[in-house]
Amino acid sequence: MKEKLYTIPINDAFREDCECPLCAMHRQLEEDALRLTMAGYMVDDQRMESNQTGFCEKHIKMLLTRQDKLGVALMLNTHMETVINHLEGHKPEPVKKPLFGKIKDSGNAVTDYTEQVSGSCFVCNKIDAIFKQYLKTICYLYKKESDFRNTLVSAKGFCTKHYGMLYQAGIEQLGGNVQENFLTDITKVYIENMKRVKEDLDWYIQKYDYRFKDEPWKNAKDAVERSLIKLNSIYEKKEK
Ligand SMILES: [Zn+2]
Ligand SMILES: [Zn+2]
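Read on for a plain summary of the structure. (Residues numbered from 1 in each chain as written. Chains lettered and ligands numbered in written order. Predicted model: local features only at pLDDT ≥ 70, side-chain atom pairs only at ≥ 80, totals over all residues. Heavy atoms only, no water.)

1. Structural notes on the packing of aromatic side chains
Working step 1: On inspection of all chains with the given rule, the structure shows nine aromatic pairs.
Working step 2: Measuring from ring centre to ring centre gives 5.3 Å for Tyr6 and Tyr134, while their planes differ by 75°; the resulting arrangement is edge-to-face. Here Tyr6 is found in the loop between helix H1 (2-5) and helix H2 (7-15), whereas its partner Tyr134 is found in helix H8 (residues 122-144), with 128 residues between them in sequence.
Working step 3: Note on Tyr6: relative accessible area 12%, which makes it buried.
Working step 4: You can call Tyr134 buried: its relative accessible area is 7%.
Working step 5: Pairing Tyr163 with Tyr167 gives two aromatic rings, centres 5.9 Å apart and planes at 75°, and the pair type is edge-to-face. Here Tyr167 and Tyr163 lie together in helix H10 (residues 160-173), a separation of four residues that amounts to about one turn.
Working step 6: With relative accessibility at 15%, the residue Tyr163 sits in the buried group.
Working step 7: Here Tyr167 falls in the partly exposed class, since its relative accessible area comes to 32%. (Phe/Tyr/Trp six-rings, centres within 6.5 Å; stacked < 30°, edge-to-face > 60°. Helix = DSSP H or I, 4+ residues; strand = E, 2+ residues; numbered from the N terminus. Buried < 20%, exposed > 50% of the residue type's maximum accessible area, 1.4 Å probe, protein only.)

This is the structure in structure tokens:
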């Protein structure tokens, strides 16, 4: 059962002391996907997939810092070959401009392909497939396990993006009272913790005023970094 499979990483992330457990899960999936990409670029099946998709800007940069350059060159080389093969034989079909108005923006096979290939990423695909299952499992655990409900309501909230994704998952996965309770709980946890971080950020800003310069920092020292998690989902794993 898929729900059981993902229980451990979800509970681990919710136990972590961080501003968004879903960011923590996402980061771990990203690590795993990058490792898989580097380990598997000589494996035919995987190579066939990454040849089609290529990599997004963020992940090709991450691969370049972790992988030897030759490994990256090999992946880029066969992906490039795929793109060339796809576009090279394409015979342009002139589209007549209408007398009035402009050409409708869909239905051109070349641009459809270039948009699709430049918008797809082997690493993102790997992450997204499992992340979707995580969202479903969170809803499942909320419905079935009171321990998990308690953990969720005492978490430090979520980033804005993941709060929205959880909200959508709740609507899709849960019904009736459970759905209503879930949406109420995640909203309360999200808003309360946004306010907590905003208060820290307020104090961080105040500290720049000379009148408060000798006051203690309280929890404000890393308020900017934690605001970046809440608003931009920029999550760095804490060194242990
Ligand atoms: Zn997040
Ligand atoms: Zn990517």
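After that view of the structure, there is still more to cover.
2. As for the coordination of the zinc ion (ligand 1)
Working step 1: In the first shell of the zinc ion (ligand 1), the protein supplies Cys20 (SG), Cys23 (SG), Cys159 (SG) and His162 (ND1), at 2.0 to 2.3 Å from the metal.
Working step 2: Metal-centred angles of 96 to 113° between the four donor atoms at the zinc ion (ligand 1) mark the site as tetrahedral.
Working step 3: Each donor residue of the zinc ion (ligand 1) belongs to the same chain, and together they define the spacing C-x2-C-x135-C-x2-H. Within this pair, whereas Cys20 is found in the loop between H2 and helix H3 (21-40), its partner Cys159 is found in the loop between helix H9 (146-153) and H10, the two being separated by 139 residues in sequence. For the pair formed by Cys20 and Cys159, the shared burial category is buried. (Donors = N, O, S within 2.8 Å, 3.2 Å for Na, K, Ca; no water. Tetrahedral: all angles 85-135°; square planar, octahedral: opposite > 155°, others 65-115°.)

3. Section: the pattern of salt bridges
Working step 1: Scanning the entire structure with this criterion turns up 18 salt bridges.
Working step 2: With its nearest N and O atoms 3.1 Å apart, the salt bridge here joins Lys230 to Glu19. Here Lys230, found in helix H12 (residues 223-232), pairs with Glu19, found in the loop between H2 and H3; they are 211 residues apart in sequence, far enough to count as distant. Exposure class is identical for Lys230 and Glu19. Each is buried. (Salt bridge = Lys/Arg side-chain N within 4 Å of Asp/Glu carboxyl O.)

4. Side note on the layout of surface pockets
Working step 1: Roughly 530 Å³ of volume is contained in the largest pocket.
Working step 2: If you go around the largest pocket, you meet 24 residues; those closest to its centre are His26, Asp128, Phe131, Lys161 and His162.
Working step 3: Elements with a contribution of two residues or more to the lining of the largest pocket: H3, helix H5 (57-66), H8 and H10.
Working step 4: Of the residues assigned to the lining of the largest pocket, the class counts are nine nonpolar, six polar and nine charged. (1 Å grid on protein atoms, 1.4 Å probe; cavity = no way out; pocket = protein on both sides within 12 Å on 5 of 7 lines; lining within 4 Å. Points joined across faces, edges and corners; volume = space filled by probe spheres on them. Nonpolar A, V, L, I, M, F, W, Y, C, P; charged D, E, K, R; others polar.)

5. Here we look at the coordination of the zinc ion (ligand 2)
Tetrahedral coordination by four donors places them ideally at 109.5 degrees to one another around the metal; octahedral coordination by six donors ideally gives 90 or 180 degrees.
Working step 1: In this structure, Cys56 (SG), His59 (ND1), Cys121 (SG) and Cys124 (SG) serve as the protein donors to the zinc ion (ligand 2), at separations of 2.0 to 2.3 Å.
Working step 2: Considering all four donor atoms around the zinc ion (ligand 2), the spread of angles at the metal, 100 to 116°, places the coordination shape in the tetrahedral class.
Working step 3: Sequence positions of the donors to the zinc ion (ligand 2) reduce to the motif C-x2-H-x61-C-x2-C. Placement of the pair is Cys56 in the loop between helix H4 (44-53) and H5 and Cys121 in the loop between helix H7 (109-118) and H8, with a sequence separation of 65 residues.
Working step 4: Here Cys56 falls in the partly exposed class, since its relative accessible area comes to 22%.

6. Comments concerning H2
Working step 1: Within H2, the full set of buried residues consists of Thr7, Ile10, Asn11, Ala13 and Phe14. Down the axis of H2, the smallest arc covering the buried residues is 160°, so these residues share one side. Facing away from the buried side of H2 by over 90 degrees, the exposed positions are Ile8 and Arg15. (Arc of directions from axis to C-beta.)

7. Overview of the nonpolar core
Working step 1: Residues Ile10, Phe14, Leu22, Met25, Ile138, Phe158 and Phe182 are the most contacted members of the largest nonpolar core, which totals 48 residues.
Working step 2: Contributing elements (two or more residues each) for this core: H2, H3, H5, helix H6 (69-88), H8, H9, H10 and helix H11 (176-206).
Working step 3: No other element matches the eleven residues that H8 contributes to this core.
Working step 4: Setting aside chain neighbours within four positions, we find Ile10 in contact with Met25, Tyr134, Thr137, Ile138, Leu141 and Phe148. (Core = buried A, V, L, I, M, F, W, Y, C linked by side-chain atoms within 4.5 Å. Contact = heavy atoms within 4.5 Å.)

8. Some thoughts on the packing of H6 against H7
Geometry of a packed helix pair, given as the angle between the helix axes and the separation of the axes.
Working step 1: Contact geometry of H6 with H7 gives a least axis separation of 11 Å together with a crossing angle of 165°. Here H6 is positioned roughly antiparallel relative to H7, judged by the angle of their axes. The interaxial crossing formed by H6 with H7 has right-handed handedness. Residue-level inspection shows His79, Thr82, Val83, His86 and Leu87 of H6 in contact with H7, the latter providing Val110, Tyr113, Thr114 and Val117.
Working step 2: Of the residues that constitute the contact of H6 with H7, the class distribution is five nonpolar, four polar and no charged. (Axes fitted to C-alpha atoms, helices over the stretch in contact; angles between N-to-C directions. Parallel < 35°, antiparallel > 145°, perpendicular 65-115°, else oblique. Left-handed = near helix turned anticlockwise from the far one by under 90°.)

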